[in-house]
Amino acid sequence: MTTGRAEPARLAVLVSGRGSNLQAILDACARGELAGLARVEAVISDNPRAQALDRARAAGVPMVYLLARSSFRRREEYDRALDELLEHLHPDLVCLAGYMRLVAPATVARWRGRMLNIHPALLPAFPGLHAQRQALEYGVRVSGCTVHLVDEGMDTGPILLQEAVPVYPDDTEDTLAARILQVEHRLYPAAIRLILTRRWRLEGRKVIFEESDEG
Ligand code: GAR
């Protein structure tokens, strides 16, 4: 898969909270390594209090949606609404950026190879919630972050990029999270760039990037 497109790729970003990764993607689209290559067309939050919503509006994202989980009686109804919204928006890529909810299998299947997630650990270590706390409690000396394609599992999809950071003896959950977050803000735009500019294929779990003019 590759682009070779003339128009910037249209991104839909799913968020639940602070939105610093959304901000990094917005900045990369505006004046960074995604300039001319991608633009954030839509932001969807499941949380009405997400700071990410303010960031999206401040950046002038054309479509900002609140799909509050609390306004749906059943999980299936929320899942169907998200599925229909994505189908309607029809972005080139769906980026989960601090989106704290499992995407339903039918939606994952529809966007396979075009849905990305970032996770604050070196997967497959420490999937799920509180990855930084899990890493500290385990006693690892190195952690980091992972951008991966989304599959039906929890943080289990094929890995696009990873980068390590050291874990220091006096680290708290907050200091480790901040060190990892700095890297996340660089790694997510880099992964989006990769998938938009390089031909790639899957061999089992492995994402194989083919040679391209970009090198
Ligand atoms: C980030 O550290 C992201 O990797 C993590 O939540 C934080 C969101 O921060 N995501 C997960 O843990 C998903 N399993 P942000 O809202 O400031 O981007």
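Right above here is the structure, for reference.
Residues numbered from 1 in each chain as written. Predicted model: local features only at pLDDT ≥ 70, side-chain atom pairs only at ≥ 80, totals over all residues. Heavy atoms only, no water.

Trainee: What is the right way to look at the layout of surface pockets in this model?
Mentor: Summary: where empty space remains is shown by rolling a probe the size of a single water molecule over the atoms. Approximately 860 Å³ is the volume attributed to the largest pocket. For the largest pocket, the lining is made up of 36 residues, of which Gly98, Tyr99, Met100, Ile118 and Pro120 are closest to its centre. Listed by contribution, the elements that provide at least two residues to the lining of the largest pocket are helix H1 (20–31), strand E5 (115–119), helix H5 (131–138) and helix H6 (173–197). Taken together, the residues of the lining of the largest pocket break down into 15 nonpolar, 13 polar and 8 charged. (1 Å grid on protein atoms, 1.4 Å probe; cavity = no way out; pocket = protein on both sides within 12 Å on 5 of 7 lines; lining within 4 Å. Points joined across faces, edges and corners; volume = space filled by probe spheres on them. Helix = DSSP H or I, 4+ residues; strand = E, 2+ residues; numbered from the N terminus. Nonpolar A, V, L, I, M, F, W, Y, C, P; charged D, E, K, R; others polar.)

Trainee: Just to check I follow, could you spell out empty space enclosed by the protein for this structure?
Mentor: Scanning the entire structure with this criterion turns up 1 cavity of 30 Å³ or more. Space inside the largest cavity adds up to approximately 30 Å³. Taken together, Tyr78, Asp79, Leu82, Tyr99, Arg101, Leu102, Val103, Ala104 and Thr107 make up the full set of residues lining the largest cavity. Looking at the lining of the largest cavity, the element that brings in the most residues is helix H3 (residues 75–89), giving 3 residues. Of the residues assigned to the lining of the largest cavity, the class counts are 6 nonpolar, 1 polar and 2 charged.

Trainee: Would you mind showing me how to read the sheet that holds strand E4 (residues 93–96) here?
Mentor: Pairing between the strands of a sheet is mediated by backbone hydrogen bonds and can be parallel or antiparallel. Spatial strand order, E3-E2-E1-E4-E5-E6-E7: 7 strands in an open sheet with mixed pairing. Since the sheet does not close on itself, it has two edges, and those belong to strand E3 (63–66) and strand E7 (159–166), each with one partner. Across the sheet, the mean angle from the axis of one strand to that of its neighbour is 20°, orientation sign disregarded. Pairing of strand E1 (residues 9–15) with E4 involves 4 bridges; the strand directions are parallel. Looking at E4, one finds that Val13 is bridged to Cys95. (Pairing = 2+ DSSP bridges. Axes fitted to C-alpha atoms, helices over the stretch in contact; angles between N-to-C directions.)

Trainee: I tried to follow the site of the ligand on my own but got confused; where do I start?
Mentor: Around the ligand, the structure places Arg18, Gly19, Ser20, Asn21, Gly98, Met100, Ile118, His119, Pro120, Asp155, Leu181 and Glu184. Between the ligand and Arg18, the relevant distance is 2.6 Å, taken from an oxygen atom to a side-chain nitrogen or oxygen of the residue. In this structure, Gly19 approaches the ligand through a main-chain N or O atom, which is 2.8 Å from an oxygen atom. The cavity where the ligand resides is the largest pocket. Only H1, E5 and H6 provide two or more residues apiece to the shell around the ligand. Its residues assigned to classes, the shell around the ligand shows 4 nonpolar, 5 polar and 3 charged. (Near = heavy atom within 4 Å. Polar contact = N/O pair within 3.5 Å; in protein donor to acceptor, adjacent residues only side chain to side chain. Sits in = over half its atoms within 2 Å of the grid points.)

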